[in-house]
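Structural description and commentary
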Amino acid sequence: MIFNAGEVFQIGINIEKNGRIFYQTAANNAKMESIRKLFGELADWETQHVRLFEELASKLSASDNPEIWDPGEEVSLYLKASADSHIFRSDSDPAALASSCATAKDALRMAMNFEKDSVVFYSAMYRAVPDELGKNKVERLISEELNHIAILASKMQTV
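Structure report, in brief. This one's a predicted model, so the numbers in the text were calculated from it and none came from an experiment.

How two aromatic rings sit relative to each other is given by the distance of their centres and the angle of their planes. Within the structure shown, the criterion is met by seven aromatic pairs. Aromatic pair Phe 53 and Tyr 122: ring centres 5.4 Å apart, planes at 45°, arrangement tilted. Taken as a pair, Phe 53 in helix α2 (residues 33-58) and Tyr 122 in helix α5 (residues 104-128) lie far apart in primary sequence, 69 residues in all. Residue placement shows Lys 135 over the ring face of Tyr 126; its charged tip is 4.7 Å from the ring centre.

Structure follows, in structure tokens:
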């Protein structure tokens, strides 16, 4: 399977949109104000990530949408496996996942898994995206996702 840069960015957009839905639903369902606030902030951050991927994708033209150079198909297979195993695949219902969480701790745990899955996928994406198409922005996104994990882990200690 070969991905082109536009397809990779679209997968990122879908992941972040599903994450936003999860966080919005989790915020609406949260009983504790601090959890509601945290999930609301995470939903806002996911919106910013959607915009980032849309910006990266908008820079591509039909002729400037290179296939990922991957002679052994290692990166392509890694990207596909990462995308397919992501907690918020396109065939999942993020609102239902959020609503299925019985406790705040369950929602935080699921959110941490989402962020970890995102780090794995974006790390694969980083290897595939050329410098001129925004590799540094993907690197920044990975750092932000790692920060989200730290925030969620810290919050788990207080719930």
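More follows now that the structure is in view.
By secondary structure assignment, the location of His 148 is in helix α6 (residues 135-158). Excluding residues that lie within four positions of it along the chain, His 148 makes contacts with Leu 42, Trp 45, Glu 46, His 49 and Glu 115.

Oppositely charged side chains are able to pair whenever their charged atoms sit close together. Counted under the stated rule, the structure contains five salt bridges. Note that Glu 55 and Lys 137 form a salt bridge whose closest N and O atoms lie 2.3 Å from each other. Highlighted residues: Glu 55 in helix α2 and Lys 137 in helix α6, separated in sequence by 82 residues. On the basis of relative accessibility, which here comes to 18%, the residue Lys 137 falls in the buried class. A salt bridge links Glu 144 to Arg 140, with the shortest nitrogen-to-oxygen separation between them at 3.3 Å. One end of the pair, Glu 144, and the other, Arg 140, are both in helix α6, four residues apart, so they sit about a helical turn from each other.

One can describe the packing of α2 onto α5 by two numbers: an axis separation of 12 Å at closest approach and a directional angle of 20°. Considering the angle they form, α2 stands roughly parallel to α5. Note that α2 runs across α5; the crossing there is left-handed. Contacts between α2 and α5 involve Ile 35, Leu 38, Phe 39, Leu 42, Glu 46 and Phe 53 on the former and, on the latter, Ala 104, Ala 107, Leu 108, Ala 111, Phe 114, Glu 115, Tyr 122 and Met 125. A breakdown of the residues in the contact of α2 with α5 according to their chemical character gives 12 nonpolar, no polar and two charged.

Rules and cut-offs
- Residue positions are given per chain, counting from 1 as you read along its sequence in written order.
- Totals for whole chains, interfaces and linings use all residues, but because this is a predicted model, local features are given only for residues with pLDDT of at least 70 and pairs of side-chain atoms are given and counted only at 80 or more.
- Only heavy atoms go into the side-chain values, all of them from the structure, while hydrogens and water stay out.
- What counts as a ring pair is set by centres within 6.5 Å for rings of Phe, Tyr and Trp (its six-membered ring), and what kind of pair is set by the plane angle: stacked under 30 degrees, edge-to-face over 60, tilted for all other angles.
- In DSSP terms, a helix is any run of H or I states spanning at least four residues, a strand is any run of E spanning at least two, and both are numbered starting from the N terminus.
- Any Lys NZ or Arg CZ found within 6 Å of a ring centre and within 35 degrees of that ring's normal is scored as a charge over the ring.
- The contact criterion used is simple: two residues touch if any of their non-hydrogen atoms lie within 4.5 Å.
- Every case where a carboxyl oxygen of Asp or Glu lies within 4 Å of a side-chain nitrogen of Lys or Arg is listed as a salt bridge.
- Think of it in three bands: with a 1.4 Å probe and only protein chains considered, a residue is buried below 20% of the maximum accessible area for its type, exposed above 50%, and partly exposed in between.
- Every angle, taken between N-to-C directions, lies between 0 and 180 degrees, and every axis is a line fitted to C-alpha atoms, over only the stretch in contact when it is a helix.
- Any angle between 65 and 115 degrees counts as roughly perpendicular, while under 35 counts as roughly parallel, over 145 as roughly antiparallel, and the rest as oblique.
- Note on convention: near helix rotated counterclockwise from far helix by under a right angle means a left-handed crossing. Clockwise means right-handed.
- Each residue is assigned to one class: nonpolar for Ala, Val, Leu, Ile, Met, Phe, Trp, Tyr, Cys and Pro, charged for Asp, Glu, Lys and Arg, and polar for all the others, Gly among them.

Remember, this is a structural readout, not a statement about activity or role.
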